[in-house]
Amino acid sequence: LGDLVSPSDGHAGLQIVYRFNQPVDDTMVVAQSLAEGVVCRPLSMYYIDQSRRQPGLNLGFAAVPEARIRPAVHTLASAIEREHARMLQRAAQRG
């Protein structure tokens, strides 16, 4: 995904946070991923002050069998790329 996402610096061991560096609707990524069987949470839902919110994903992996992680990552990457392309297309249509 190149510079589209950045992982957090946390080392909790049960979850990881990825922030989107470019326009991506995290709620749409979550909906698309869930439709394909991958559960994650939009980072934007954790912000009380919506003017300061940052889109991204909160990915829990403690209960995910290792064999399911790689396919889930591919599903998430595809959903992120699709949503980013959609956001760029919408911006181009407006601009």
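Since the structure is predicted, the reported quantities are computational estimates derived from the model, not experimental observations.

Reading guide: rules and limits
Residues numbered from 1 in each chain as written. Predicted model: local features only at pLDDT ≥ 70, side-chain atom pairs only at ≥ 80, totals over all residues. Heavy atoms only, no water. Buried < 20%, exposed > 50% of the residue type's maximum accessible area, 1.4 Å probe, protein only. Helix = DSSP H or I, 4+ residues; strand = E, 2+ residues; numbered from the N terminus. Pairing = 2+ DSSP bridges. Core = buried A, V, L, I, M, F, W, Y, C linked by side-chain atoms within 4.5 Å. Contact = heavy atoms within 4.5 Å. Patch = residues over 30% accessible without salt bridge, like charges linked within 9 Å, V, L, I, M, F, W, Y side chains within 5 Å. Areas by Shrake-Rupley, 256 points an atom, 1.4 Å probe, with all protein chains shown as cover. Salt bridge = Lys/Arg side-chain N within 4 Å of Asp/Glu carboxyl O. Axes fitted to C-alpha atoms, helices over the stretch in contact; angles between N-to-C directions. Parallel < 35°, antiparallel > 145°, perpendicular 65-115°, else oblique. Left-handed = near helix turned anticlockwise from the far one by under 90°. Nonpolar A, V, L, I, M, F, W, Y, C, P; charged D, E, K, R; others polar.

A.B. asks: Hey, could you go over the pairing of strand β4 (residues 56-60) for me, with residue numbers and the actual values?
C.D. replies: One face of the sheet, then the other: side chains in a regular strand alternate in exactly this way. Buried residues dominate β4, accounting for four of its five residues. The pairing of strand β2 (residues 15-20) with β4 spans five bridges and is classified as antiparallel. Counted as the bridge partner of Q15 is G60 from β4. Looking at chain direction, strand β3 (residues 41-42) and β4 are connected through two bridges and run antiparallel. Bridge pairing links R41 to N58 in β4.

A.B. asks: Residues and numbers for the nonpolar core, please.
C.D. replies: One finds F20, V29, C40, L57, L76 and I80 to be the most contacted residues of the largest nonpolar core, which totals 13 residues. In terms of residue count, the dominant contributor to this core is helix α2 (residues 66-94) (three residues). Discounting chain neighbours no more than four positions away, the residues touching V29 are F20, V24, L57, A79, I80 and E83.

A.B. asks: Explain a nonpolar patch on the surface residue by residue, including any values.
C.D. replies: The grouping of F61, V64, I69 and V73 at the surface amounts to a nonpolar patch, some 280 Å² of accessible area in total. The topology assignment puts I69 in helix α2. Judged by relative accessible area, which is 32%, I69 ranks as partly exposed.

A.B. asks: An account of the pattern of salt bridges is requested, with residue identities and associated values reported.
C.D. replies: Using the criterion set out here, one finds two salt bridges in the structure. The shortest N-O distance in the salt bridge between R86 and E83 comes to 2.6 Å. Pair noted here: R86 and E83 are both in helix α2, with a separation of three residues, about one helical turn. With a relative accessible area of 0%, E83 lands in the buried category.

A.B. asks: Account for the sheet that holds β2, with residues named and values stated.
C.D. replies: Within the open sheet, the four strands sit side by side as β1-β2-β4-β3. Their pairing is antiparallel. Either end of the sheet is taken by a strand with one partner, and the two such strands are β1 (5-7) and β3. With three bridges joining them, β1 and β2 adopt antiparallel strand pairing. Its bridge partner being in β2, S6 is matched across the sheet by R19.

A.B. asks: So what about the packing of helix α1 (residues 26-35) against α2? Which residues, and what values?
C.D. replies: Relative orientation of the contacting elements α1 and α2 amounts to 135°, with a least axis distance of 9 Å. Classified by the interaxial angle, the pair formed by α1 and α2 is oblique. The handedness of the crossing between α1 and α2 is right-handed. In contact with M28, V29, Q32 and S33 of α1, α2 contributes T75, L76, A79, I80, R82, E83 and R86. Taken together, the residues of the contact of α1 with α2 break down into five nonpolar, three polar and three charged.

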